[in-house]
Amino acid sequence: MGFSFELMVFGSTIAALITMAFLLYYFTADYKRNLLGESASSLTKEQSNLLLTKMRREISFSAFFMDDSKSIGVRYLITSIVLFFIGGLAGIGMRISLWFPNPSFLTPIQYNILLTAHGNIMLYGFAIGMILAFGYYLLPSANKIEKDTLGVVKSIMFWLFLIGSLFIIFSKSTATWYFYYPLVDQLTEAGGGTYSFATLIGVTLILLAVTVSSVIFLKMVFLDRSKSIPLSKISMFSWSIVSTAVLVLTSAPVSMIANGYLIYDLINPIFFQAANGQVLGYAIMFWFWGHPLVYIAILPAFGLIYEMLPKYAGVPIYSYRAGVFSLLLLMIFSAVVWGHHLFNSGLGTIWDLLFSTTSFLVVIPSAMSVFNWIATLWSAKSIKLTVPMLFVLNGIVDFVIGGILGVYLADVGLNAFIHGTYAVTSHFHWIFIGLTAGIGFGAIYILFPTLTGGRTYNVPMAKVHFYLNSVGTIMMSGFWLVGGFAGMPRRVAGYFGIFQTYQDAAAVGGVILGIGFLIFLINFAYSAYLPAKVDVRNPIEDEVQVT
Amino acid sequence: MNKATPIVLLVLVLIAAGASFGWFLISPGGAVSYQQGTYNSSQVIVLYANAQGWNYNSSNPNPTLNEKLHTLLEFKVIEQDGLPHTLTIAAGPNETTDTSNWIVNVPIPTTVGSVTWVNWSFANPGLYTYWCTVHPYTMVGKLYVNGTANSTSNESAVQFSVHDSSNFDVHYQNSVTYETADYNEQVR
Ligand code: HEM
Ligand code: HEM
Ligand SMILES: [Cu+2]
């Protein structure tokens with residue numbers, strides 16, 4: 001079958017190479033384990049506080065050889081930015097190829113490869129990588145943690161994450177980000193792709209990394225937090241990470257198990273067989289994780305908005321309690337709505353209505369957060385429209401649009417018409433580009449002096465990046481939305497000529513987005529290259545006046 | 001921060017993104033593929049992508065095709081039932097899951113009435129199988145290529161070469177805006 005001898009030799013060679021590189025890394029780089037040349041757990045309290053608060057971590061490749069939390073955060077930050085551009089180029093490639101109704105420069109198989117790579121890299125590599133980056137980077141200072149322990153575990157999890165991402169890139173699977181059975185187990189070009197199973201392995205490694213990291217996050221917030229911060233005063237960002245971590249712990253293992261079954265089914269097909277009706281069983285196991293995943297991708301962004309907005313509005317957040325309540329309620333509700341992805345799969349009317357109702361309920365905590373932000377802005381004396389603030393405001397608007405679209409999608413009757421159209425793609429790109437990516441960039445801008453050791457970014461260029469990002473999202477997701485309601489199918493390499501207007505406008509939007517991201521990169525490289533001239537402190541971590 | 005770091009990062013991002021993009025586009029799975037033979041005439045073969053058979057409405061739903069060597073075979077595949085299908089041709093009389101034995105493998109778009117042209121000219125005479133990998137039991141037929149190979153070709157039934165995506169030529173035609181299958185053809 002698909003499992004040939006060469007494949008096994010190939011796989012074991014790669015595994016051996018990776019193991020060797022890993023051992024080499026651990027034995028040669030060991031002496032650099034941490035900043036002070038000692039193992040972190042043997043530091044005194046004063047030393048480790050120094051490590052965490054005074055010596056701000058900058059973006060540098062030496063982070064890959066150091067095991068303290070901040071360095072791990074920097075590792076994830078660098079990796080997720082690289083992955084973002086890999087996934088983004090795939091997305092823009094698809095967009096451009098869809099300029100003409102007939103498959104143009106991408107054949108259907110190539111299109112499917114890009115589609116799968118884009119979805120998986122963006123979600124597992126970029127969104128999850130970004131969350132882990134900010135979690136590791138900001139939690140120690142937000143909670144003034146007293147001891148920075150488990151460095152080796154964090155480091156190993158990072159390498160698993162990186163290897164997982166490489167597996168996803170190398171597999172060239174065409175199974176889309178659902179990996180539905182039996183497609184994913186058909187190891188042919190017209191099936192899931194010859195090496196489709198490698199994506200499963202990669203995703204499982206990343207799931208393992210994020211699960212273990214979630215435990216570490218909970219430990220940082222609840223066990224390692226400085227006694228000077230009572231539970232009722234911990235930062236909103238920490239709360240958002242807490243709810244994310246709990247969501248991960250309750251749902252990611254299910255997906256890991258399902259992936260394990262899929263891999264077993266390659267060799268001995270017994271689990272997800274059509275004969276015992278369990279093909280739908282896989283879809284259920286997938287969405288049990290799949291929906292929480294999309295909330296995992298935005299909850300930390302919510303936390304960052306809660307942190308950033310008051311800084312530029314000049315007043316504290318309108319209601320801390322309502323904010324915490326909303327984050328925890330989001331955590332609970334988003335664990336019970338996964339069925340809204342399976343409205344057309346025959347779960348049964350009662351189940352459909354149940355999931356439809358829970359999906360509508362998610363609006364309550366979401367709206368609580370949005371109104372909280374609006375109230376904060378309302379009570380502000382003057383609002384400073386700096387670049388990070390622009391990203392925050394744009395993110396809120398995009399979330400409102402995308403969220404309302406989600407409610408439309410959650411209507412069982414309407415869903416039958418717009419499921420599988422670009423309306424769905426539009427729904428989540430509003431939020432992913434506006435919130436996950438947008439707030440990520442906003443946070444990088446606000447942390448810029450710290451990340452680059454005292455440099456400032458070029459403000460006009462950053463504003464251009466912002467406007468391109470905002471306009472690009474509106475064009476791309478907006479035209480997808482109109483086309484989607486007209487019935488434009490998603491996940492196809494070609495389409496009917498009547499949809500060309502929407503597709504072409506969206507392609508322009510996609511290219512605009514791409515130019516914006518490139519400007520961000522150039523701005524970063526250029527400003528960081530200039531000599532350091534400002535204080536390395538930043539408004540999120542220290543009490544500094546924002547300008 | 002080291003001055004070189006941002007530049008290294010920029011270059012790293014560009015190289016990683018470009019290299020991955022290239023990797024995604026080169027031949028899927030990196031499999032070995034077959035080389036097209038020369039031809040001096042062409043022949044249109046109409047097939048219907050329908051789960052009941054390639055010629056589903058006749059008494060012989062999967063006809064055995066007899067074609068001449070040095071002929072460009074233009075398969076005109078008309079999507080008929082809206083289900084996913086592929087046109088796959090392997091060297092040998094039987095279907096195989098071994099993709100390295102596949103000569104042609106083209107997914108057919110699911111839009112009913114759309115026409116997919118798959119052009120291929122065999123380099124060697126012999127018995128081949130054409131089928132749909134989604135419906136391997138109901139959509140499978142045999143294809144004889146008759147004639148004598150040129151003296152330069154290999155002993156084996158087909159020649160190997162490193163895959164080159166220009167090897168076979170695929171056109172997708174969308175029925176609504178471009179070409180609709182003839183009414184007679186659609187309702188057969
Ligand atoms: C107000 C809350 C939300 C509701 C009620 C909601 C509802 C829905 C529904 C019903 C679908 C299924 C559409 C279909 O396939 O027919 C869907 C898909 C999706 N939603 Fe949401 N959503 C909400 C918020 C979010 C958020 C915050 C994200 C994060 C970005 C998100 C990401 C996604 C993704 C990625 C998909 C598509 C998955 C796929 O088929 O590829 N949603 N949403
Ligand atoms: C650079 C900006 C982006 C562009 C140009 C872009 C473009 C696209 C395109 C063209 C598709 C395929 C639509 C289809 O054929 O169904 C797509 C799908 C998708 N995108 Fe994006 N996207 C971008 C950013 C993002 C981000 C930031 C995320 C997540 C964090 C994301 C997550 C996804 C997912 C999950 C899918 C669905 C994949 C699937 O259906 O299997 N995208 N995107
Ligand atoms: Cu969902």
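Everything numeric in this text was worked out from a predicted model, so none of it was measured.

Visitor: What is the right way to look at the site of ligand 1 in this model?
Guide: Residues and elements named next belong to chain A. Around ligand 1, 24 residues are found, and the nearest of them are Trp177, Tyr178, Asn415, His419 and His427. Contact distances for ligand 1 include 2.8 Å between an oxygen atom and a side-chain N or O atom of Asn415. A distance of 2.9 Å separates an oxygen atom of ligand 1 from a polar side-chain atom of Arg490. Elements supplying a minimum of two residues to the shell around ligand 1: α8 (279–296), α11 (349–379), α12 (387–409) and α14 (422–446). In the shell around ligand 1, the residues fall into 15 nonpolar, 8 polar and 1 charged.

Visitor: I'm lost on the coordination of the iron atom of ligand 1 in this one. Help?
Guide: Four donors placed tetrahedrally about a metal ideally form angles of 109.5 degrees, and six donors placed octahedrally ideally form angles of 90 or 180 degrees. Residue and element names in this part refer to chain A. There is one protein donor for the iron atom of ligand 1, namely His427 (NE2), at 2.1 Å. The two metals, the iron atom of ligand 1 and the copper ion (ligand 3), are separated by 4.2 Å. Looking at the secondary structure, you find His427 in helix α14.

Visitor: Mind showing me how you'd approach α8 of chain A here?
Guide: Note: α-helices contain 3.6 residues per turn, so residues at a spacing of three or four share the same orientation. Residues and elements named next belong to chain A. Helix length check: α8, at 18 residues, gives a terminal C-alpha distance of 26 Å against a target of 26 Å (1.5 Å per residue), a fit within 8%. At Trp287, α8 is deflected by roughly 30 degrees, the largest bend along its length. In terms of burial, α8 is largely enclosed, as 13 of its 18 residues are buried.

Visitor: Would you mind going over the confidence of the model for chain B with me for this structure?
Guide: Close inspection of predicted coordinates is inappropriate for parts of the model with low pLDDT. All names here are of chain B. The pLDDT averaged across chain B works out to 74; a share of 72% of its residues lies at or above 70. Of all the helices and strands in chain B, strand β10 (residues 160–161) carries the lowest mean pLDDT, 36, while helix α1 (residues 4–25) carries the highest, 90. Segment residues 172–180: pLDDT under 50, and 30 contacts once partners within four positions in sequence are set aside and those in other chains are kept.

Visitor: Honestly, the coordination of the copper ion (ligand 3) in this entry has me stumped. Any pointers?
Guide: Protein-derived ligands of the copper ion (ligand 3) are His291 of chain A (ND1), His340 of chain A (NE2) and His341 of chain A (NE2), with the metal-ligand distances lying across 1.8 to 2.0 Å. Along the chain, the residues donating to the copper ion (ligand 3) fall in the pattern H-x48-H-H.

Visitor: What should I look at first to understand the interface of chain B and chain A in this one?
Guide: One frequently used descriptor of interface size is the decrease in accessible area upon assembly of the parts. Contacts between the two partners involve 37 residues from chain B, matched on the other side by 44 residues from chain A. Summing both partners gives a buried area of about 3,800 Å² for chain B against chain A, and 75% of it is carried by carbon and sulfur. For the pair chain B and chain A, the interface holds 0 salt bridges. Between chain B and chain A we count 5 residue pairs in polar contact (both at pLDDT 80 or more) in total. Elements represented by at least two residues in the side of chain B that touches chain A include exactly α1 and β6 (102–108) of chain B. Here the side of chain B that touches chain A gets 17 residues from one element, more than from any other, and that element is α1 of chain B.

Visitor: I keep staring at the sheet that holds β6 of chain B and nothing clicks. Help me out?
Guide: In any sheet, the strands associate via hydrogen bonds between backbone groups, in a parallel or an antiparallel arrangement. Residue and element names in this part refer to chain B. A sheet is described by the order of its strands in space; here 5 strands give the open sequence β3-β9-β8-β5-β6, paired in mixed fashion. Of all strands in the sheet, those with a lone pairing partner are β3 (65–68) and β6, marking the two edges. In this sheet, neighbouring strand axes are inclined to one another by 20 degrees on average, regardless of whether the strands run parallel or antiparallel. Both β3 and strand β9 (residues 140–146) contribute to a ladder of 4 bridges, which runs parallel. The residue of β9 that forms the bridge with Asn66 is Tyr144.

Visitor: Any chance you could explain the packing of aromatic side chains here in plain terms?
Guide: Two descriptors summarise a pair of aromatic rings, namely the distance from one centre to the other and the angle between the planes of the rings. Residue and element names in this part refer to chain A. Under the counting rule described, the total for this entry stands at 52 aromatic pairs over all chains. Pairing Phe64 with Phe158 gives two aromatic rings, centres 5.6 Å apart and planes at 65 degrees, and the pair type is edge-to-face. Within this pair, whereas Phe64 is found in the loop between α2 (45–54) and α3 (69–97), its partner Phe158 is found in helix α5 (residues 151–171), the two being separated by 94 residues in sequence. The pair formed by Phe64 and Phe158 is uniform in burial state, with each residue classed as buried. Centre to centre, the rings of Tyr178 and Tyr180 are 4.8 Å apart; their planes meet at 45 degrees, and the pair counts as tilted. By relative accessible area, which is 12% here, Tyr178 ends up buried. Across from the ring centre of Tyr137, 4.4 Å away, lies the NZ or CZ of Lys70, which sits over that ring. Above the face of the Tyr178 ring, Arg491 is positioned so that its terminal group lies 4.1 Å from the ring centre.

Visitor: What is the right way to read the nonpolar core from this model?
Guide: Nonpolar side chains in soluble globular proteins tend to end up buried together. In this structure, Tyr124 and Phe134 of chain A are the most contacted members of the largest nonpolar core, which totals 170 residues. Setting aside residues up to four positions removed in sequence, Phe134 of chain A forms contacts with Leu77, Leu139, Phe237, Leu304, Gly440, Ala443, Ile444 and Leu447 of chain A. Judged by nonpolar contacts, the second largest core, of 24 residues, contains Leu87, Ile103, Val104 and Leu143 of chain B.

Parameters at a glance
- Residues numbered from 1 in each chain as written.
- Chains lettered and ligands numbered in written order.
- Predicted model: local features only at pLDDT ≥ 70, side-chain atom pairs only at ≥ 80, totals over all residues.
- Heavy atoms only, no water.
- Near = heavy atom within 4 Å.
- Polar contact = N/O pair within 3.5 Å; in protein donor to acceptor, adjacent residues only side chain to side chain.
- Helix = DSSP H or I, 4+ residues; strand = E, 2+ residues; numbered from the N terminus.
- Nonpolar A, V, L, I, M, F, W, Y, C, P; charged D, E, K, R; others polar.
- Donors = N, O, S within 2.8 Å, 3.2 Å for Na, K, Ca; no water.
- Expected span 1.5 Å × (residues − 1).
- Bend = angle between axes of the 7 residues up to and from the residue.
- Buried < 20%, exposed > 50% of the residue type's maximum accessible area, 1.4 Å probe, protein only.
- pLDDT = per-residue confidence, 0-100.
- Contact = heavy atoms within 4.5 Å.
- Buried area = accessible area lost by both parts, 1.4 Å probe.
- Salt bridge = Lys/Arg side-chain N within 4 Å of Asp/Glu carboxyl O.
- Pairing = 2+ DSSP bridges.
- Axes fitted to C-alpha atoms, helices over the stretch in contact; angles between N-to-C directions.
- Phe/Tyr/Trp six-rings, centres within 6.5 Å; stacked < 30°, edge-to-face > 60°.
- Lys NZ or Arg CZ within 6 Å of the ring centre and 35° of its normal.
- Core = buried A, V, L, I, M, F, W, Y, C linked by side-chain atoms within 4.5 Å.

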